[in-house]
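Listed here are the chains, written in short residue letters.
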Amino acid sequence: MDTANQIVSLGTFQILKLPLGFIRVLEWLFAIFAFATCGGYSGQLRVSVDCINRSDSNLSIGINFAYPFRLNRVDFDVPMCEGRRQERLYLIGDFSSSAEFFVTIAVFSFLYSLLATVVYIFFQNKYRENNRGPLIDFIVTVVFSFVWLVSSSAWAKGLSDVKTATDPDEVVLLMSACKVQTNKCNPVYGPRWSGLNTSVVFGYLNFVLWAGNIWFVFKETGWHKGGAARYPAPSSEKQATAFNQQVYNQGSFDQSGAAFTGTGDFAQSEYSQVGNYASSGPVSYTNQ
């Protein structure tokens, strides 16, 4: 518990209240959602083959596929409606490049956002030293904004192709038994795409976050006239400033008090002289 309190006391968590730190936290979270919804996906479709000879039929043929969507390696066996013979077929297409590119960008985005947040909180002085930290942060933010746009667009196109390749109506056309009119081939159900659709949405949301954060990172660089703006001072610095100000005010008060005291002494001595003069005046007058 003491170690945790020491770590918290060393950091300046007020940066998380500013747009620069708050958006970094959102980037971290949205990157997790992006690669989790895409990289953790697995789907299934089912078709049926109803042969003239019912004993040769198979009314529930399950086809499973998952990330990284190398569909040309997904095999399944279907009846040929010729005795007990079966044929092994494969789905069409390899869409691993766009999917893996999207997940890779999400993972690196997650790591950099986490690293940047830690630097903002615990290493502010190092971050702002020689303006090197803000410049690197600005360049990396611009690069990630661009690659998020590219990877999200590529994955949106790849997802469209995956949907087409795994459409049960299209899979049925691959079966030789379904080309015979006397046999009946029907789709049972198709894959659910809600998870992959969400991954594309999170991809574009990440692009919006990174692109929007370019401005706030740019303001921290020396290229912007307001780049010298500081983060909120830690509590220790505030206490030191308040203490110095108190000492200064106390010293000023003592000096003014001393001056006032001196003025009072001067007035008292002058009053004494006037009193003595007044008392001696009538005596001199009486003698006359």
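Residues numbered from 1 in each chain as written. Predicted model: local features only at pLDDT ≥ 70, side-chain atom pairs only at ≥ 80, totals over all residues. Heavy atoms only, no water.

Put simply, the rule reads: UniProt positions are given in the numbering used here, feature names are shortened, and annotations may be inferred rather than shown by experiment.
Looking at an unreviewed UniProt entry, the protein chain carries the name MARVEL domain-containing protein, with the source organism given as Phoxinus phoxinus. In its Sequence similarities (unreviewed entry) section, the UniProt record describing the protein chain reads: "Belongs to the synaptophysin/synaptobrevin family." Under the UniProt heading Subcellular location (unreviewed entry), the note attached to the protein chain is "Membrane".

1. Focus: the sheet that holds strand β5 (residues 184–189)
Adjacent strands of a sheet form backbone hydrogen bonds with each other and so pair up, either parallel or antiparallel. Put simply, the rule reads: In short, DSSP must find at least two bridges between two strands for them to pair. Secondary structure elements follow DSSP: runs of H or I no shorter than four residues count as helices, runs of E no shorter than two count as strands, and numbering proceeds from the N terminus. All axes here are fitted lines through C-alpha atoms, helices being fitted over the stretch that makes contact, and every angle between N-to-C directions spans 0 to 180 degrees.
Pairing within the open sheet is antiparallel, and its three strands lie in the order β2-β1-β5. In the strand order of this sheet, the two ends are held by β2 (58–66) and β5, each with one partner. Between one strand axis and the next, the sheet turns through 25 degrees on average, direction left out of account. In this structure, strand β1 (residues 42–50) lies alongside β2, joined through seven bridges in antiparallel fashion. Residue Q44 lies in a different strand from β2, and its bridge partner there is N64.

2. With respect to the packing of aromatic side chains
We count it as follows: Pairs were defined over the aromatic rings of Phe, Tyr and Trp, the Trp ring being its six-membered one, requiring ring centres within 6.5 Å. Orientation was assigned from the angle between planes: stacked under 30 degrees, edge-to-face over 60, tilted for the rest. The buried label applies to any residue whose accessible area, calculated with a 1.4 Å probe on protein chains only, is under 20% of its type's maximum; exposed applies above 50%, and partly exposed to all values in between.
Overall, the coordinates contain 18 aromatic pairs when judged by the stated rule. The interplanar angle of 75 degrees and the centroid separation of 6.2 Å between the aromatic rings of F35 and F110 together place this pair among those described as edge-to-face. Taken together, the residues span a long stretch of sequence, with F35 in helix α2 (residues 19–39) and F110 in helix α3 (residues 96–122) at a distance of 75 residues. Using a relative accessible area of 24% as the deciding quantity, one classes F35 as partly exposed. Classification of F110 as buried rests on a relative accessible area of 19%. Where Y41 meets W193, the ring centres are 6.2 Å apart and the plane angle is 15 degrees; that geometry is what we call stacked. Taken together, the residues span a long stretch of sequence, with Y41 in the loop between α2 and β1 and W193 in the loop between β5 and α7 (194–218) at a distance of 152 residues. Pair check on accessibility: Y41 and W193 agree, each one buried.

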